[in-house]
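Architecture and fold: a report
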Amino acid sequence: MPMAWTGLWTVLLAALLWPGEGWPSSEGKPVAEDMPAVIQLKPEGAGPTNGRADNAAKNWRRAASERHAACRGRLCRRGQQCVLVEGTGQTHCACQERCRPSYMPACGSDGKFYENHCEVYRTACLKKKRIYVTHSRDCFFKGDTCTMADYNKLKGVLLDMHPKNRSGEVQVQEKRMDQKRELVDGMFKYLDTDGDGHLGKEELAQISMKVHLEDGSLDCTTQDLLRYDDYNNDGYLTLQEFYTAFQVIQLTLPEDQRVSISTVTVGLSTMLSCAIQGTLRPPVIWKRNGIVLNFLDLEDINDFGDDGSLYITKVTTIHMGNYSCHAYGYEDLFQIHVLQVNVPPVILVYPETQAQEPGVAASLHCYADGIPNPSIVWLKNGMDLQPRLSKQLSVIANGSELHISSVRYEDTGAYTCIAKNDVGVDEDISSLFVEDSARKTLANILWRQEGLSVGNMFYIFSDEGITILQPADCETHKHIKRTDRIVASYEEICPKAEGDSPPRCVWASAVSVRDKYIYISQPLQNRLLVVDTQAQKVVQVVETDPVPVKLHYDKSHDQVWVLSWGDLRKTHPTLQVVSQASIGEEHHAVRTRFQRVDDFFIPPTNLIITHVRFGFIFLKSETAVHKIDLETFHRIKTISLKNYSCVPLSMAYTHLSSYYFIECLGKNSSSLLPQLIIDGVTDSVIGQNRDITGKPYVSADGRYVVTPDHLHGKVMVQTVTFQGVLQQSHEFEAVLNVSDLAFQPSFTEANQYTIFATSRSGTDLFLSDLSTGRRDVLQNIKEPIPSNSWPWSSANRVVVSSGLFGQYLVTPSTESIFVLNGKQNRPHCEVSDIKKGNTVVWVGEV
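First, a word on scope: everything that follows refers to the structure included in this document. On a predicted model such as this, the values are computed, not experimentally measured, just so you know.

Its place among the elements puts Thr-317 in the loop between strand S13 (310-312) and strand S14 (321-327). Discounting chain neighbours no more than four positions away, the residues touching Thr-317 are Val-341, Val-343, Ile-371, Ile-608, Ile-609, His-655, Leu-656 and Ser-657.

The following block contains the structure:
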């Protein structure tokens, strides 16, 4: 039995023994008759304590501790407890003095009704008789003319005795229960003639005589109220027992507990307890983003305790956000739980090793991610650098960069970056060697052997072949011509295609595979080329289905996914996978079973999220997205977007609260509709993203969502807080029709970005600092490639950054490449004679 049902099963079992009025469903119809929940009874005499009571409590706890120690290992029968004989240290089994107060209806084999199982066996012990629990629903009334149906009819007659609100309006459950409580209060007060708060046999008998209940029309009398609802068997009914008899539900939630904030560290488990309490409280319903969780088969939220608590095992950042709980049928009274997930710092340093000559500047970078934001300190050879900071040695961007303006020999050393937040610490070392260039030290040799001379380059795929560009000096490191041969093959890199005059290369999409290889698609050649970045040569051909147009590297599984159109009219699209893409061997593209694929989306990884298990595919003109398993290539489920008439065009994802943003096209029109948001925990659409339209872009750390909204002529910037709340940051007028957008990490503030956006038709480039909202326009970046000359995607002018630590970006024009300086927010240089270089890949250290 799934654990999520255990709490409700107890209630359903009780309902079989005690039917009555039911709780309505969300449509107002009964879903089950009289399903009483567990009653929490307050111990008699509970109230304020004093000094004497405190001493008594201490003595009791001490005695209990001694008894526990003495009774360890002694087993007693059900209904008994181990008792320690004072002074002797001896123990023996005796009948339980009392049972824990809980309402779990049980019927004994002696035909009597008991409050719970414990009371059955305790009574058996006291009476020295064999009494056990039976499971027949009629056992309570064995040999009695008062059947369950008659007993419920009696209570209905009693309620009908008092005037009701006869309004024809349909009342909600809470109002109906308020009216019922008023009726029961009035009845109790009427019967309690001596005003002592207890109803005895004589008081209950008087109503039978006054309203002629004993005229033979019913087989039950008011005496049966005492027989079956006197849970403590004291011969009297209290108001609470009267409430239980008539199923009066009273729910309370303290004002100071309406919002509860919880913080848990990633990887641990947590429990959210619902503070709504009351007599006969119905089962607790939990929601996340308006989606009911209780009946979903979720991997990490899979247990709802008998007390209505929500359990989350192995918490990750996707679980952060708001949860709410309410009693079934009583949605107006709810509690909100805000769950923040803290993450210990994870850092990267760059470079790991560098050698510099005296007098030049050197920078050591440290990128840290974590929740809350980590603080960064630097050590040199184990000693704190903070007291030594000066103009020559400075820390920039909250510690993210350690800058030495003019290195000296004594600056040689191991620089340790330490990142710390409330839940953890991480550190790594960046080594600096300062030496004369004429000296061939071991460190210098090792540094050169690391391959830095062939890394940190842009690979630009253009009409004439492949240009490998060193951005700092704007130098072409190497040019691989279209007529060059593929290694171990006589075939040219760009063989002449039919009708191709003059001969040229046609590229569509490229991905870097762990900075070891580049996979690049040639749509008109129906194949991929594999470039070895160490050798800087094309080393392999991978045949694909016709017209491969989109590639994505899934780092989690070391796979390259390939979307092919089948032909230029997209009539036979397929999705293929190249496995073990980073291993130097012969590769093959394996076709998946998915048909009619219009596009696909695989969430990216980052420092915190290092593994992605699921992706999504869109089918042509279909109002749905299909979730797929990246390991088995099987479809997991379909998420319908039909209620919003949304045909998905693109997706973006943030791991903070697991939000998927979907760009929507109208089902029966060519106009854009507002974005939809899918909750990745429940795989449910939670609504529209305000009225924002267009393609969403999400920063690498998941904290910013940026959408160029062409429909409203604006660029919308949203943030995701560490509590998983999506909120509007700012918006500004769009000065261009955006073709592509890139996030450049800030050089002045940690965990911030500047966005660079290109135009589909203009010569300007737009940029904005997301932390300050400051905006600027870089003008005269020449004309982009015409849209009709770039059929492979909507990004006819890409913009590509140089990674987490780089300061340069590249964007093409029709016949040249522009290198932008992201640190200074200005053009750096223009490299001419590179035509239609709209496929660009950055390769870091090799």
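With that settled, consider unusual backbone geometry. Pro-351 follows Tyr-350 through a cis peptide bond whose omega is -10°. The topology assignment puts Pro-351 in the loop between strand S15 (330-350) and strand S16 (353-356). Between Ile-371 and the following residue, Pro-372, the backbone shows a cis peptide bond with an omega angle of -5°. Mapping Pro-372 onto the fold places it in the loop between strand S17 (362-371) and strand S18 (375-380). Look at Asn-233: it is not a glycine, yet its phi comes out positive at around 55°. By the secondary structure assignment, Asn-233 is in the loop between helix H7 (223-229) and helix H8 (239-245). With relative accessibility at 59%, the residue Asn-233 sits in the exposed group.

It is worth spelling out empty space enclosed by the protein at this point. Within this structure, the stated rule accounts for 1 cavity of 30 Å³ or more. Around the largest cavity sit Trp-565, Lys-570, Pro-573, Val-597, Asp-598 and Lys-620, which together line it. Taken together, the residues of the lining of the largest cavity break down into 3 nonpolar, no polar and 3 charged.

Turning our eyes to something else, we now look at the nonpolar core. With 63 residues, the main nonpolar core has Leu-225, Phe-242, Phe-246, Trp-286, Ile-301, Leu-310 and Tyr-323 as its most contacted residues. If you tally residues by element for this core, the top one is helix H5 (residues 173-191), at 6 residues. Those residues in contact with Phe-246 that lie beyond four places of it in its chain are Lys-155, Leu-158, Leu-159, Lys-180, Val-184, Met-187 and Leu-225. Membership of the second largest hydrophobic core comes to 19 residues, among which are Ile-466, Cys-494, Leu-529 and Val-843.

All right, on to the packing of aromatic side chains then. Throughout the structure, instances matching the rule amount to 14 aromatic pairs. Here the aromatic rings of Trp-565 and Trp-792 are separated by 5.9 Å at their centres, their planes lie at 40°, and the arrangement is tilted. Highlighted residues: Trp-565 in the loop between strand S32 (559-564) and strand S33 (574-578) and Trp-792 in the loop between strand S50 (775-778) and strand S51 (800-801), separated in sequence by 227 residues. Side by side, Trp-565 and Trp-792 carry an identical accessibility label, which is buried.

Quick look at the state of the cysteines now. Inspection of every chain in the model, using the stated rule, returns 9 disulfides. One disulfide bridge connects Cys-99 with Cys-118, the sulfur atoms lying 2.1 Å from each other. Taking the sign of the S-S torsion, about -80° here, the bridge from Cys-99 to Cys-118 comes out left-handed. A residue pair is termed long-range when its members are at least 10 positions apart, and Cys-99 in the loop between strand S4 (91-95) and strand S5 (106-108) and Cys-118 in helix H3 (residues 117-127) qualify at 19 residues. Of the residues examined, Cys-99 reaches a relative accessible area of 9% and is grouped as buried. Given the relative accessible area of 24%, Cys-118 is considered partly exposed.

Of the pairings in the sheet, the one linking strand S3 (residues 80-84) to S4 comprises 5 bridges and is antiparallel in character. Bridged to Leu-84 within S4 is Thr-91. Connecting S3 to the next strand, S4, in antiparallel fashion are 6 residues, including Gly-87 with a positive phi near 85°.

Two modes of strand pairing occur in sheets, parallel and antiparallel, and in both the strands are linked by backbone hydrogen bonds. Overall, antiparallel pairing links the 4 strands, which are arranged S26-S25-S24-S55 in an open sheet. Two strands close off the open sheet at either side, each with one partner strand: strand S26 (475-481) and strand S55 (839-843). Direction aside, neighbouring strands of the sheet carry axes that sit 20° apart on average. Judged from the 5 bridges that link them, strand S24 (residues 457-462) and S55 form a sheet pairing that is antiparallel. Each residue of the ladder has a partner; that of Phe-461, found in S55, is Thr-839.

If you walk through the whole model with that rule in mind, you get 17 salt bridges. The salt bridge partner of Arg-482 is Glu-464, with a shortest N-O separation of 4.0 Å. Taken together, the positions of Arg-482 in the loop between S26 and strand S27 (510-513) and Glu-464 in the loop between S24 and strand S25 (465-470) put the pair 18 residues apart, joining distant regions of the chain. For Glu-464, a relative accessible area of 38% gives the class partly exposed. Salt-bridge contacts for Asp-683 lead to Lys-637; the nearest nitrogen and oxygen are separated by 3.1 Å. In this pair, Asp-683 sits in the loop between strand S41 (672-679) and strand S42 (684-688) while Lys-637 sits in strand S38 (residues 635-640), placing the two residues 46 residues apart along the sequence. For Asp-683, a relative accessible area of 10% corresponds to the buried category. Taken together, the shared-partner salt bridges in this structure form one network comprising Asp-369, Asp-701 and Arg-703.

Parameters at a glance
- Every chain is numbered independently, its residues counted from 1 as its sequence is written.
- For this predicted model, a pLDDT threshold of at least 70 governs which residues receive local features, and a threshold of 80 or more governs which side-chain atom pairs are given and counted, while totals over whole chains, interfaces and linings are taken from all residues.
- Hydrogens and water are ignored here; the side-chain numbers use all heavy atoms of the structure.
- Labels follow the DSSP assignment, with helices taken as runs of H or I lasting at least four residues and strands as runs of E lasting at least two, numbered in each case from the N terminus.
- The contact definition used throughout considers only heavy atoms, calling two residues in contact when any of these lie within 4.5 Å.
- Accessible area is worked out with a 1.4 Å probe on protein chains only. A residue is then buried under 20% of its type maximum, exposed over 50%, and partly exposed in between.
- The way it works is a 1 Å grid over only the protein atoms, where trapped points that fit a 1.4 Å probe form a cavity and open points with protein on both sides within 12 Å along at least five of seven lines form a pocket, and then any residue with an atom within 4 Å of a point lines it.
- Grid points are joined across faces, edges and corners, and a volume is the space filled by probe spheres set on the points.
- Classification convention: Asp, Glu, Lys, Arg as charged; Ala, Val, Leu, Ile, Met, Phe, Trp, Tyr, Cys, Pro as nonpolar; all other residues, Gly among them, as polar.
- Remark: nonpolar core denotes a set of buried residues (Ala, Val, Leu, Ile, Met, Phe, Trp, Tyr, Cys) joined through side-chain atoms within 4.5 Å.
- The rule is short: rings of Phe, Tyr and Trp, with Trp giving its six-membered ring, pair when the centres are within 6.5 Å, and they are stacked under 30 degrees, edge-to-face over 60, tilted in between.
- By convention in this document, the label disulfide applies to cysteine sulfur atom pairs within 2.5 Å.
- At least two DSSP bridges between two strands are needed for those strands to be called paired.
- Here an angle of 0 to 180 degrees is reported between the N-to-C directions of two axes, which are lines fitted to C-alpha atoms, with helices fitted over the stretch in contact.
- Note on definitions: salt bridges are taken to be side-chain nitrogens of Lys or Arg within 4 Å of carboxyl oxygens of Asp or Glu.

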